[in-house]
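Architecture at a glance
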Amino acid sequence: MTYVLTWVGLMILLALTCASSYFPMGNWNSVVNIGISCAKGLLIAVFFMHLRHAGALLRIVAIAGLLWLGILFGLSWSDFGTRTLSPAPWVAR
Amino acid sequence: MPTTPFDSTLERREADLLGIWAFLVTEVLFFGPLFFGYVHGRLTHPEAFTAGSHHMHVVLGTLNTAILMTSSLTMALGVAAARGGRKSLRTWLVLTALLGLAFLGIKASEYWMESSEVAQASGAELTFYFLYFAMTGLHAVHLTIGIGIVAWLWRHASRYGAAYHSPVEVTGIYWHFVDVVWVFLYPMFYLLQRYSA
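Residues numbered from 1 in each chain as written. Chains lettered and ligands numbered in written order. Predicted model: local features only at pLDDT ≥ 70, side-chain atom pairs only at ≥ 80, totals over all residues. Heavy atoms only, no water.

1. Re the overall build of chain B
Scanning chain B for helices and strands turns up six helices and zero strands. Reading the helices (α) and strands (β) of chain B from amino to carboxyl end gives α-α-α-α-α-α. Counting only C-alpha atoms, chain B reaches 60 × 30 × 25 Å along its principal axes. Here chain B holds 197 residues, and 51% of them are scored as buried. Within chain B, residue pairs in contact and separated by at least 24 positions form 83% of the contacts whose partners lie at least 6 positions apart. Within chain B, one finds 11 positive and 12 negative side-chain charges whose respective centroids are separated by 13 Å. (Helix = DSSP H or I, 4+ residues; strand = E, 2+ residues; numbered from the N terminus. Buried < 20%, exposed > 50% of the residue type's maximum accessible area, 1.4 Å probe, protein only. Contact = heavy atoms within 4.5 Å. Lys, Arg positive; Asp, Glu negative; His and termini not counted. Charge placed at Lys NZ, Arg CZ, Asp CG, Glu CD.)

The following block contains the structure:
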């Protein structure tokens, strides 16, 4: 029953994210889409992937993946975000 | 009963789950650079990414998202059936694999329709298409592997029951992860400024 409710929640969020992209909200469109994707991911992880019943070890491992992704995004952005890209001569602009 | 390095069934089950979660961490970092490339490309060339997104078939993309999320439901019900030692495990596995195949079929038809549009793209719109094919392609490879494993589970379904069902449970966690990846890909490629399309 929990699974079916999770699925209903996912479908409602899918309808919301799809519908929201037809309303001009500027940068908020992206914020809404990312927020809804995170909510869907969380629903799947907590209920379908059973993190709800998982011990501390599994939860730490799951969060460690996202933490490392964040660290690597930060390090990469400190490089790409502070440079001008110099395209190779053969790349069409 | 074969000898194992574990003291109890519970300890063994925890090791199985830790194994799949550790693997998923490497998967997150495997997909990570492509996500970073997308963020960088979209922030530096927002118009080209929006133009590329307007070539996507939003109805098919939305339908596919619904299909994949439904396959996660059938997979979760399959895991529950295995835990309860119920015969319905086979049915849920078949449904999961069929939904996965339906997703791949729709994706392939999209690729077919988009192939002619890529030929007309230029500049940063090509970056959009590159990321689209690389990310959805990598996702499709993962899904194909998932369907193969589900088919294998179906073949050996009689082995699994209340006492032993780790392979089903671990496959379920992998399947849901592939679903989560798509949950993020869907708005990134299909939903950019739909109101102006």
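After that view of the structure, there is still more to cover.
2. A short note on the overall build of chain A
Along its length, chain A carries three helices and zero strands. Ordering the α and β elements of chain A from the N terminus gives α-α-α. Relative to the globule expectation of 12 Å for 93 residues, the C-alpha radius of gyration of chain A, 19 Å, shows a markedly less compact shape. With the C-alpha coordinates of chain A rotated into their principal frame, the extents come out at 60 × 40 × 25 Å. Counting only residues that meet the buried cut, chain A has 29% of its 93 residues in that class. Of the contacts formed within chain A by residues at least 6 apart in sequence, a portion of 50% connects residues at least 24 apart. For chain A, the computed accessible surface area is about 6100 Å², with 75% contributed by carbon and sulfur atoms. (Rg over C-alpha atoms; globule rule 2.2 N^0.38 Å. Areas by Shrake-Rupley, 256 points an atom, 1.4 Å probe, with all protein chains shown as cover.)

3. A few points about the state of the cysteines
Throughout this description, disulfide means a covalent bond between two cysteine sulfur atoms. All names here are of chain A. All chains considered together, the criterion is met by zero disulfides over all chains. Not part of a disulfide, cysteine 18 finds its nearest cysteine sulfur in cysteine 38, a span of 18 Å. On the basis of relative accessible area, cysteine 18 is assigned to the buried category, the value being 16%. By relative accessible area, which is 39% here, cysteine 38 ends up partly exposed. (Disulfide = S-S within 2.5 Å.)

4. A look at helix H1 (residues 2-20) of chain A
Owing to its 3.6 residues per turn, the α-helix brings residues three or four apart onto one side. Compared with an ideal rise of 1.5 Å per residue, which puts 19 residues at 27 Å, H1(A) spans 27 Å between its outermost C-alpha atoms and is within 8% of the ideal. Considered for burial, the residues of H1(A) that qualify are Tyr3(A), Thr6(A), Gly9(A), Leu10(A), Leu13(A), Leu14(A), Thr17(A), Cys18(A) and Ser20(A). The arc that holds the buried residues of H1(A), viewed along the axis, is 165 degrees, so those residues lie on one side. On its buried face, H1(A) is in contact with helix H2 (28-48) of chain A together with helix H3 (58-83) and helix H6 (166-190) of chain B. (Expected span 1.5 Å × (residues − 1). Arc of directions from axis to C-beta.)

5. Some details on the nonpolar core
Counting 74 residues, the largest nonpolar core has Trp21(B), Phe189(B) and Tyr190(B) as the members making the most contacts within it. Taken together, the elements giving at least two residues each to this core come down to H1, H2 and helix H3 (56-80) of chain A together with helix H1 (9-44), H3, helix H4 (89-118), helix H5 (124-155) and H6 of chain B. Per element, the largest residue contribution to this core is 15 residues, and it comes from H6(B). Built from parts of two domains, this core gets at least three residues from each of domain 1 (1-53) and domain 2 (55-84) of chain A. (Core = buried A, V, L, I, M, F, W, Y, C linked by side-chain atoms within 4.5 Å. Domains from an automatic or database assignment.)

6. Focus on the packing of H3(A) against H1(B)
Close contact between H3(A) and H1(B) brings their axes to 9 Å; oriented N to C, the two are set at 25 degrees. Comparing their axes, H1(B) and H3(A) come out roughly parallel. Crossing of H3(A) against H1(B): the hand is right-handed. Considered class by class, the residues forming the contact of H3(A) with H1(B) number 21 nonpolar, four polar and no charged. (Axes fitted to C-alpha atoms, helices over the stretch in contact; angles between N-to-C directions. Parallel < 35°, antiparallel > 145°, perpendicular 65-115°, else oblique. Left-handed = near helix turned anticlockwise from the far one by under 90°. Nonpolar A, V, L, I, M, F, W, Y, C, P; charged D, E, K, R; others polar.)

7. Let's talk about the interface of chain B and chain A
Facing the 42 residues of chain B at the interface are 38 residues of chain A. Carbon and sulfur atoms supply 82% of the area buried between chain B and chain A, which totals about 3600 Å² over both sides. Considering only the side of chain B, the residues that lose the most area to chain A are Trp21(B), Phe36(B) and Tyr195(B), jointly responsible for 21% of the buried surface there. The interface formed by chain B and chain A includes zero salt bridges. In this assembly, chain B and chain A are joined by five residue pairs in polar contact (both at pLDDT 80 or more). Elements represented by at least two residues in the side of chain B that touches chain A include exactly H1, H3 and H6 of chain B. Considering each element in turn, the side of chain B that touches chain A owes the most residues, 15 residues, to H1(B). Of the residues assigned to the side of chain B that touches chain A, the class counts are 29 nonpolar, eight polar and five charged. (Buried area = accessible area lost by both parts, 1.4 Å probe. Salt bridge = Lys/Arg side-chain N within 4 Å of Asp/Glu carboxyl O. Polar contact = N/O pair within 3.5 Å; in protein donor to acceptor, adjacent residues only side chain to side chain.)

8. Overview of the domain arrangement of chain A
Per the domain assignment, the segments making up chain A are domain 1 (1-53) and domain 2 (55-84). For domain 1 of chain A and domain 2 of chain A, the distance between their C-alpha centroids amounts to 22 Å.

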